[in-house]
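The chain contents come next:
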Amino acid sequence: MRKPILISGIQPTGKLHLGNYLGALKNFVDLQNSGKYQCYFFIADMHALTENPNPKDLQKNTIDLMASFLAARLNPKKSTLFIQSQISAHLQLYEILGPLTPVSELLRMTAFKEKVIQTLKLKEGQIFTREDFERAVDESNFGLAAYPVLMTADIILYDAKFVPVGRDQLQHLELARTLVRKFNNKYGKTFTEPKPLLTKVPRLMSLDDSTKKMAKSRPAGCLFMDDSPAIIRQKLTRATTDSGKEIKYDVKNKPGVSNLLLIYSELSGKSVSTIEKMYVGKGYAEFKKDLAEVIIRALRPFQERKKKLKPAEIKKVLAVGNKKANTVASKKINEVKRKIGLLI
Ligand code: AMP
Ligand code: TRP
């Protein structure tokens with residue numbers, strides 16, 4: 001029996017943070033190494049266009065993200081690693097799925113609404129009106145609204161059954177499932193309904209505000225994968241904890257400490273309850289100091305491997321991956337075109 005197909009992508013929109021790693025990339029590597037799936041991992045560079053990046057930055061971030069993929073131990077011998085924009089079938093399928101997608105569903109997406117709210121450039125605690133929001137929706141770009149349709153194309157083009165992502169992507173996957181059902185009902189069974197795979201850390205919170213998720217758009221709360229030991233120590237010292245003294249996992253009453261416990265557990269391999277026991281009678285300061293060292297130790301091999309990778313080596317890996325992805329995607333897009341009545 002052929003192994004089920006698994007796919008995921010990350011946008012090259014800036015430096016990778018620990019949320020991306022614990023919510024997605026670390027899981028990509030574990031799933032790849034499980035040997036249970038045919039894996040595809042790609043750089044969603046066309047999705048990054050929705051943020052209107054500077055062209056030089058986009059190129060630099062794309063190569064940097066692929067270096068992070070390789071440094072995290074995604075292995076081109078085991079997984080197909082590629083760049084979304086190099087496979088023209090993604091855009092073709094996106095165009096084909098457009099007429100099946102109600103605009104109202106796109107405007108309801110939480111990620112879209114959050115991006116729109118960001119354009120309001122609110123100060124901390126500032127309130128906005130419904131009219132402010134509606135004006136921002138009218139002014140937002142089409143790419144941002146249509147983002148989940150392209151994401152659907154990315155996934156279903158490869159007949160992926162599983163998609164490892166963080167919790168913020170679940171709504172997009174739900175849309176992908178709806179579009180698959182619609183297409184299959186209209187034109188006959190063509191695509192597979194994808195299912196999400198979440199990690200134990202599907203939503204890592206910011207270090208400076210445990211009510212917000214760690215996100216590239218709020219760099220102050222991020223721990224970046226490339227941060228130096230000195231920066232990591234400094235960020236941990238400043239990380240928000242909660243009232244009280246106990247090191248205890250209690251998301252409701254101690255969201256800050258609980259978030260740090262999850263990081264500690266995931267990077268040390270110790271269970272949360274073991275860590276709680278280790279810190280009975282000890283304070284936040286000692287816990288955070290030790291956690292900084294756990295993070296530094298866990299990131300060191302990644303950072304060392306990344307420094308050694310050469311752009312030429314990265315480009316070579318990509319050329320092979322792009323070719324493999326293109327073969328699979330071209331076959332599928334031709335099948336789709338034939339089914340919907342386009343000449344091929
Ligand atoms: P992005 O950088 O938005 O392309 O996200 C790449 C992957 O990281 C996606 O699967 C996200 O769901 C995941 N991710 C982003 N932020 C977090 C977070 N704070 N916690 C867990 N996963 C996250
Ligand atoms: N939307 C995802 C994010 O912001 C990135 C992405 C694009 C993706 N296409 C995908 C993830 C397909 C999984 C599968 O993180």
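If you're wondering where the values come from, they're calculated on a predicted model, not measured in any experiment.

K.L.:
Lay out the packing of helix α8 (residues 142-156) against helix α9 (residues 170-187) with the relevant residues and their values.
P.N.:
Closest axis-to-axis distance for the α8/α9 pair is 9 Å, and the angle between their directions is 65 degrees. With respect to each other, α8 and α9 are oriented roughly perpendicular. Where α8 crosses over α9, the handedness of that crossing is right-handed. Residues Tyr147, Pro148, Met151, Thr152, Ile155 and Ile156 of α8 lie in contact with α9, whose contacting residues are His172, Leu173, Leu175, Ala176, Leu179 and Val180.

K.L.:
Please provide a residue-by-residue account of the UniProt feature "binding site: L-tryptophan" (unreviewed entry) in the protein, values included.
P.N.:
According to UniProt, the feature "binding site: L-tryptophan" (unreviewed entry) maps to Asp154 in the numbering used here. Take aspartate 154: it is sitting in helix α8. Relative accessible area serves as the criterion here: at 2%, aspartate 154 is assigned to the buried category. Discounting residues that sit within four places of it in the chain, aspartate 154 has contacts with Ile7, Phe42, His47, Gln84 and His90.

K.L.:
Break down the site of ligand 1 for me, with residues and values.
P.N.:
Of all residues adjacent to ligand 1, which total 17 residues, the nearest are Gly166, Asp168, Leu204, Met214 and Lys216. At 3.0 Å, a backbone N or O of glutamine 11 approaches an oxygen atom of ligand 1. Within the backbone of leucine 204, one N or O atom sits 2.8 Å away from a nitrogen atom of ligand 1. Protein contacts shield 92% of the accessible area of ligand 1, which totals 490 Å² for the unbound molecule.

K.L.:
I'd love a proper account of the environment of proline 202, names of residues and values included.
P.N.:
Relative to the assigned elements, proline 202 resides in the loop between β5 (195-197) and α10 (229-238). As for proline 202 and arginine 73, which are separated by 129 residues in sequence, their C-alpha atoms are 20 Å apart. When residues no more than four places from it in sequence are discounted, the contact partners of proline 202 are Gly166 and Arg167.

K.L.:
Can you break down the UniProt feature "short sequence motif: 'HIGH' region" (unreviewed entry) in the protein residue by residue, with the values?
P.N.:
Mapped onto this structure's residue numbering, the UniProt feature "short sequence motif: 'HIGH' region" (unreviewed entry) falls at residues 12-20. In residues 12-20, the share of helix is 33% and the share of strand is 0%. The end C-alpha atoms are 12 Å apart.

K.L.:
An account of α10 is needed here, citing residue identities and associated values.
P.N.:
One turn of an α-helix holds 3.6 residues; hence residues three or four places apart share an orientation. For α10, the complete set of buried residues consists of Ile232, Lys235 and Leu236. Taken end-on, α10 shows its buried residues confined to a sector of 100 degrees, consistent with a single buried face. When the buried face of α10 is taken as reference, the exposed residues oriented beyond 90 degrees from it are Ala230, Thr237 and Arg238.

K.L.:
So what about the packing of aromatic side chains? Which residues, and what values?
P.N.:
Tallying each qualifying case throughout the model produces 11 aromatic pairs. Note on phenylalanine 28 and phenylalanine 41: the rings are 4.6 Å apart at their centroids and 15 degrees apart in plane angle, and the pair reads as stacked. Highlighted residues: phenylalanine 28 in helix α1 (residues 18-34) and phenylalanine 41 in strand β2 (residues 38-43), separated in sequence by 13 residues. The class for phenylalanine 28 is buried, based on a relative accessible area of 0%.

K.L.:
Which residues make up the domain arrangement of the protein, and what values go with them?
P.N.:
As far as domains go, the protein holds domain 1 (5-202 + 311-340) and domain 2 (205-307). For domain 1 versus domain 2, the distance between C-alpha centres works out to 28 Å. At the junction of the two partners, domain 1 supplies 24 residues and domain 2 supplies 20 residues. Taken together, both faces of the contact between domain 1 and domain 2 bury some 2000 Å²; the carbon and sulfur share is 60%. If you sort the residues of domain 1 by the area they bury against domain 2, His17, Leu18 and Ala71 come out on top, with a joint share of 30%. Across the domain 1-domain 2 interface, the total number found is 4 salt bridges. The residue glutamate 266 makes a salt bridge to lysine 200 at a minimum N-O spacing of 3.7 Å. Listed by contribution, the elements that provide at least two residues to the side of domain 1 that touches domain 2 are α1 and α3 (55-71).

Each value, and the rule that gives it
- Residues numbered from 1 in each chain as written.
- Chains lettered and ligands numbered in written order.
- Predicted model: local features only at pLDDT ≥ 70, side-chain atom pairs only at ≥ 80, totals over all residues.
- Heavy atoms only, no water.
- Axes fitted to C-alpha atoms, helices over the stretch in contact; angles between N-to-C directions.
- Helix = DSSP H or I, 4+ residues; strand = E, 2+ residues; numbered from the N terminus.
- Parallel < 35°, antiparallel > 145°, perpendicular 65-115°, else oblique.
- Left-handed = near helix turned anticlockwise from the far one by under 90°.
- Contact = heavy atoms within 4.5 Å.
- UniProt positions renumbered as here; feature names shortened; annotations may be inferred.
- Buried < 20%, exposed > 50% of the residue type's maximum accessible area, 1.4 Å probe, protein only.
- Near = heavy atom within 4 Å.
- Polar contact = N/O pair within 3.5 Å; in protein donor to acceptor, adjacent residues only side chain to side chain.
- Areas by Shrake-Rupley, 256 points an atom, 1.4 Å probe, with all protein chains shown as cover.
- Arc of directions from axis to C-beta.
- Phe/Tyr/Trp six-rings, centres within 6.5 Å; stacked < 30°, edge-to-face > 60°.
- Domains from an automatic or database assignment.
- Buried area = accessible area lost by both parts, 1.4 Å probe.
- Salt bridge = Lys/Arg side-chain N within 4 Å of Asp/Glu carboxyl O.

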